Each structure stands twice: as C-alpha cells, then as structure tokens.
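Next come the chains, spelled out residue by residue.
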Amino acid sequence: MKNIKNEMKMEFASKSANEAFARVSVAAFVSQLDPTIEEIADIKTSVSEAVTNAIIHAYPNKDGVVKVRALLYEDEIEVEVSDTGEGIENIEEAREPLYTTKGNLERSGMGFTIMENFMDELKVESIVGLGTKVTMSKKINKALQKNTY
Amino acid sequence: MNVKHFIEDKLLIFEVNEEIDHHTSERIRKRADYEIERFMPKKVIFDFKKVNFMDSAGIGLIIGRYKLTNSFGGELELVNVSNKLRRVFEMSGILKIIPITQNFSNEKTG
Ligand SMILES: Nc1ncnc2c1ncn2[C@@H]1O[C@H](COP(=O)(O)OP(=O)(O)OP(=O)(O)O)[C@@H](O)[C@H]1O
Ligand SMILES: [Mg+2]
C-alpha cells in the first residue's frame, strides 16, 4: 500500500469561472512535492480539462456540483474529478482523439487525449444519468530523485 | 486582448493577454470574429507572448478563427508560442496546417 502524505477535497458550482480556481488550487497543493515547472503545467492543464468537461458536458443545461479530490503520495499525485451529471454512454469512444459531442461549441475533442498524455495514468468511470469520475495520477520525478539520493 | 490593425497590409494582430480556457475563450472568440469579419484581413497573427496557460479550448479557438479567416481568403499564423503551449497544440495536429512563426521580432508587434 502506498502511503498517503496529504489529501484535499473541494467542491464548487459548475460555473466556468471556477476552472481557473480549480487548476490553481491543485497546482498549489502539489507544490509540496517540489514538482518541476513542466510537471506543474501538465497537472494544471489536465485538471482544467477534467473540470471543464464536468462543467460543459455533465451539466449542459443546469447548475451542478463538481468535486475535486487530490491525494499526495511520496512521489506521486492522484487527482479525482467527479460530477453527478449526464454521464458518458461510450467511454472508449469518448476517449478517442477528436471525438466530441460539442463540435458546434468549438470543442476540439482533445481533452481526454491531453489528460492521457500529460498524466501517467487516466481512468474514466461513468454511468449514464448518474455521473462521471475521472481519476488521474502522475509521478513527480523531482521528488523521486530526491528520495534516492 | 489587444488588437492591432495594419490597413495597408490588411494585417490583424491579436495579442492575447490572459489565460486561455473555456471561460475566457468565449470572449476572445467574439472579439476576434468581430474584427476579422469587418476587416477581412489577408493575414491574422495570434501573438501568445502574454499567455501563460492554455488548455484544449485554445485548439478550438484557433481552428475556428483559422476557418473564418480562410473563408475570406486570408492566412493565420501563431507567434511567440511557448513550449508549454506548443505541447497542447501538438496534441491536435493543427500545426501541420497552421504555422508557428519562429523568432518573431517584427517591429509591428512592438
Ligand atoms: N464529465 C463528463 N460528463 C459527460 N460527458 C463527458 C464528460 N467528460 C467528457 N464527456 C464526453 O466525452 C467527449 C470527449 O471529451 P474531451 O474532453 O476529450 O473532448 P471535448 O470536451 O468534447 O473537447 P475539448 O476538451 O477538446 O474542448 C465529450 O465531447 C463529451 O461527450
Ligand atoms: Mg473536454
């Protein structure tokens, strides 16, 4: 079992103004692990993707609640973004590059692809009508190096 | 966003000076489309010098402005794209059709 060093949870209304707030909060939290600038950028972008998806796709015509939970391990961060919105019918299809159900809103269908590439692992769980939970993790290499020397 | 017009060259420069996400891109899009539609430029340059964050909303924003500019026969270019932003653009493959102009030190952007 990996040892949890620290944990935080936040929840907020599904308003687009909260996208910046969410990614900045997670970035500030992970700074305890002394990540590189690149690692922080990758995490910020991925959190922004997941939170934006919840705001746009989970609650298209109403306000809902978006939850973000972050866990810090010795040399890794895990972030969970969840909603209780519409859910995803076909997760495999949704994860494909360029797949979007909101092309009319100038979405590019690259959100999941970015999360997959910028983080080490990405898990998507969803039930139509109940909601979606995205779990992603990333090793913080700087912390890793520090521990071995 | 700072907008610069160069009438003789039919050149439009958009200096974006905020983070680009779903929240901010709406406003940037509206302003850019207003300028492109009334000016019908030969060239549009997006200057990212002052952008220190961009997610996939930036990809949609640029593809949309590229299509609009193209519909008037104009070109679109990106300048001052940091590595951080470049990585996001690269995911989508749009750099194959929309060039990043290197070492942009045009006196026109000041
Ligand atoms: N939290 C969610 N709730 C419901 N549907 C979702 C959720 N997240 C993603 N989806 C579905 O998965 C599709 C793909 O998501 P992805 O983030 O890859 O692209 P996008 O959001 O459509 O475009 P982009 O992220 O490039 O702006 C979405 O179009 C949407 O149909
Ligand atoms: Mg998305």
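Notes on the structure follow. (Residues numbered from 1 in each chain as written. Chains lettered and ligands numbered in written order. Predicted model: local features only at pLDDT ≥ 70, side-chain atom pairs only at ≥ 80, totals over all residues. Heavy atoms only, no water.)

Some thoughts on the pairing of strand S5 (residues 131-139) of chain A
Residue and element names in this part refer to chain A.
- Within S5, 7 of the 9 residues are buried, leaving the element largely enclosed by the surrounding structure.
- When strand S3 (residues 76-83) meets S5, the two strands line up antiparallel, connected through 8 bridges. From the neighbouring strand, Glu 80 faces S5, where its bridge partner is Thr 135.
- For strand S4 (residues 121-127) and S5, the ladder comprises 7 bridges, and the chain directions are antiparallel. In the strand pairing of S5, Leu 122 is matched with Met 136.
- In sequence, S4 turns back onto S5 through a hairpin of 3 residues, with Gly 129 there showing a positive phi of about 90 degrees. (Buried < 20%, exposed > 50% of the residue type's maximum accessible area, 1.4 Å probe, protein only. Helix = DSSP H or I, 4+ residues; strand = E, 2+ residues; numbered from the N terminus. Pairing = 2+ DSSP bridges.)

Points about the site of ligand 1
- Taken together, 20 residues lie near ligand 1, and His 57, Thr 100, Thr 101, Arg 107 and Met 110 of chain A sit nearest.
- The environment around ligand 1 is built from residues contributed by chains A and B.
- For ligand 1, an oxygen atom lies 2.9 Å from a polar atom in the backbone of Gly 109 of chain A.
- Contact between ligand 1 and Gly 111 of chain A: an oxygen atom at 3.2 Å from a main-chain N or O atom of the residue.
- Protein burial of ligand 1: of its 600 Å² of free accessible surface, 96% is covered by the chains.
- Of all elements in the fold, only helix H2 (37-58) and helix H4 (111-118) of chain A reach the threshold of two or more residues within the shell around ligand 1. (Near = heavy atom within 4 Å. Polar contact = N/O pair within 3.5 Å; in protein donor to acceptor, adjacent residues only side chain to side chain. Areas by Shrake-Rupley, 256 points an atom, 1.4 Å probe, with all protein chains shown as cover.)

Brief notes about the sheet that holds S3 of chain A
Residues and elements named next belong to chain A.
- The strand order S1-S2-S3-S5-S4 describes an open sheet built from 5 strands, whose pairing is antiparallel. Of all the strands in the sheet, the pair left with one neighbour each is strand S1 (6-13) and S4. With strand direction ignored, the average angle separating the axes of adjacent strands in the sheet is 10 degrees.
- Note that S1 and strand S2 (residues 65-72) share 8 bridges and pair antiparallel. When the bridges of S2 are listed, Met 8 appears paired with Ala 70.
- The strands touched by helix H1 (residues 18-30) within the sheet are S1, S2 and S3, with S1 carrying the most contacts at an inclination of about 175 degrees. (Axes fitted to C-alpha atoms, helices over the stretch in contact; angles between N-to-C directions. Contact = heavy atoms within 4.5 Å.)

Some thoughts on the pattern of salt bridges
Residue and element names in this part refer to chain B.
- Under the counting rule described, the total for this entry stands at 18 salt bridges over all chains.
- Measuring nitrogen to oxygen at the nearest pair gives 3.1 Å for the salt bridge that ties Glu 15 to Lys 4. Taken together, the positions of Glu 15 in strand S2 (residues 11-15) and Lys 4 in strand S1 (residues 2-6) put the pair 11 residues apart, joining distant regions of the chain.
- In this structure Lys 4 comes out as partly exposed when scored by relative accessible area, which is 24%.
- Between Asp 33 and Arg 65 there is a salt bridge, with the nearest N and O atoms lying 2.6 Å from each other. In this pair, Asp 33 is assigned in helix H1 (residues 22-39) and Arg 65 in helix H2 (residues 56-71), connecting sequence segments 32 residues apart.
- Exposure remark for Asp 33: the relative accessible area of 15% places this residue in the buried category.
- Among the residues examined, Arg 65 registers a relative accessible area of 2% and is labelled buried. (Salt bridge = Lys/Arg side-chain N within 4 Å of Asp/Glu carboxyl O.)

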